[in-house]
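Given next are the chains, with one letter for each unit.
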Amino acid sequence: MSTLKTFLCATAATLTLLSVAGQQANAGQIYQDWNYGIDSFSDGSGGSSYEIKGIATKQVGDQIYVALTGGMPLAGVDDGGTNIGWSDLFLNFSGKDFQTASNDKDLFAVRFVNNNNTSIATGVYTGVDAKSITASHHGYGSLKQYYNSGYDRTDTQGTDFSTQQSVYNYYQPSAVANNPTTSNTPILNAINSGTKVGNISMLSALNLSAAGLDFGYFNALGTQTIGFSFDKNLIANGNYIANIFLDCGNDAVALKGNVKSTPEPTTTAGLFVVGLVFGMTQIRKSRKTALS
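Predicted model only: the values in this text are computed from it and were never measured.

### Thoughts on the sheet that holds strand S14 (residues 252-259)
Reading across from one edge, S10-S9-S8-S7-S13-S14 is the order of the six strands in this open sheet, with antiparallel pairing throughout. The two strands at the open ends of the sheet, each matched to only one other strand, are strand S10 (190-198) and S14. Averaged over all pairs of adjacent strands, the angle between their axes in this sheet comes to 30 degrees, without regard to strand direction. In terms of strand pairing, strand S7 (residues 89-92) meets strand S8 (residues 107-111) through three bridges, oriented antiparallel. Directly across from Leu-89, in S8, lies its bridge partner Val-110. Sitting on the sheet, helix H4 (residues 164-171) touches S7, strand S13 (238-245) and S14, and the angle it makes with S13 is about 110 degrees.

Here it is in structure tokens:
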């Protein structure tokens, strides 16, 4: 019984190592391996089309999946002759606040739709700095203006950024975050410049459902759900913050996540072998002890 117990303990330790080696990112709210950031359902200025309800990400092998849900269609909506839709998704691995990372051109970004007739094509970009396009889209001139208009809600930019102050702390250096005004809190929501490093693949509702996406679990399913994927090797590994605004700045959502290096099969096999060798060694020791 002692020998069996030793072997079982060694096997359990090995399985624990395998689990740690292969686990996905843990942030936001995890459900069926998707990482969700659920936004307030009542902070979209301008009506249901301008309401973002959530963002979700998932790492599947060498692919990153992203899903967005709310009332905004992929093609956008017309507002007095101006098309307003989704702006660009930013990924910040730098550990810096967004404004500083942008100034340093230390952002990654994904353009998944181009309704604004700009020269920047859809795809994944590195070395990115951001600009504001809210003024040309009938939007807010600053985060402070948005909040002054009465859109300070719980979960103001999702699960991980649930207060006004947490939003300021992420988007601005501390000196500004602690004293935000309408002139020092710009909404930087579009790629200004960067280098395209790869393409994206749009995902259908069927693709997303098959991958386990379920905003309905959080009662957060919008009338529009948009998804896309791209190769994880186009971006960095490690902790990141993802964020996206609408073109007008009328709503936004952000999420903390992590891109992991996919364990090589040899690494997983190596851990398993180490566990087995340890277990067999302990069994031999137990037998020698029993015979002496």
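### Concerning the environment of Ser-193
Examined against the element boundaries, Ser-193 turns out to sit in strand S10. Taking the C-alpha atoms as reference points, Ser-193 and Asp-129, separated by 64 residues in sequence, lie 5.8 Å from one another. Ignoring any residue separated from it by four or fewer positions in sequence, one finds Ser-193 in contact with Lys-105, Gly-127, Val-128 and Asp-129. At a separation of 2.4 Å, a polar atom in the side chain of Ser-193 contacts the side chain of Asp-129.

### What to know about the sheet that holds strand S3 (residues 52-60)
In spatial order, the strands read S1-S2-S3-S4-S12-S11; together these six strands make up an open sheet with antiparallel pairing. A single partner strand is all that each edge strand has here, and the edge strands are strand S1 (29-31) and strand S11 (201-203). Strand-to-strand, the axes of this sheet are offset by a mean angle of 25 degrees, without reference to chain direction. Where S11 meets strand S12 (residues 224-231), three bridges bridge the pair, whose relative direction is antiparallel. Residue pairing in the sheet places Leu-203 in a bridge with Gly-227 of S12.

### Looking at the nonpolar core
Within the largest apolar cluster, 32 residues are counted, with the highest numbers of intra-cluster contacts made by Trp-86, Leu-91, Phe-112, Phe-230 and Ile-235. Every element with two or more residues in this core is listed here: S3, strand S4 (63-70), S7, S8, S12, S13 and S14. Those residues in contact with Phe-230 that sit more than four places away from it in its chain are Asp-62, Gln-63, Ile-64, Val-66, Leu-91, Val-110, Val-124, Asn-199, Ile-200 and Ile-235. Among the nonpolar cores identified, the runner-up in size contains 27 residues, and Phe-98, Tyr-147, Tyr-168 and Ile-187 belong to it.

### A short note on the pattern of salt bridges
Applying the stated criterion to the full structure yields three salt bridges. Here Lys-96 and Asp-104 are joined by a salt bridge, their closest N and O atoms 3.0 Å apart. The exposure class assigned to Lys-96 is partly exposed, which follows from its relative accessible area of 31%. The structure contains a network of salt bridges with shared partners spanning Lys-96, Asp-104 and Asp-106.

Thresholds applied
Residues numbered from 1 in each chain as written. Predicted model: local features only at pLDDT ≥ 70, side-chain atom pairs only at ≥ 80, totals over all residues. Heavy atoms only, no water. Pairing = 2+ DSSP bridges. Helix = DSSP H or I, 4+ residues; strand = E, 2+ residues; numbered from the N terminus. Axes fitted to C-alpha atoms, helices over the stretch in contact; angles between N-to-C directions. Contact = heavy atoms within 4.5 Å. Polar contact = N/O pair within 3.5 Å; in protein donor to acceptor, adjacent residues only side chain to side chain. Core = buried A, V, L, I, M, F, W, Y, C linked by side-chain atoms within 4.5 Å. Buried < 20%, exposed > 50% of the residue type's maximum accessible area, 1.4 Å probe, protein only. Salt bridge = Lys/Arg side-chain N within 4 Å of Asp/Glu carboxyl O.

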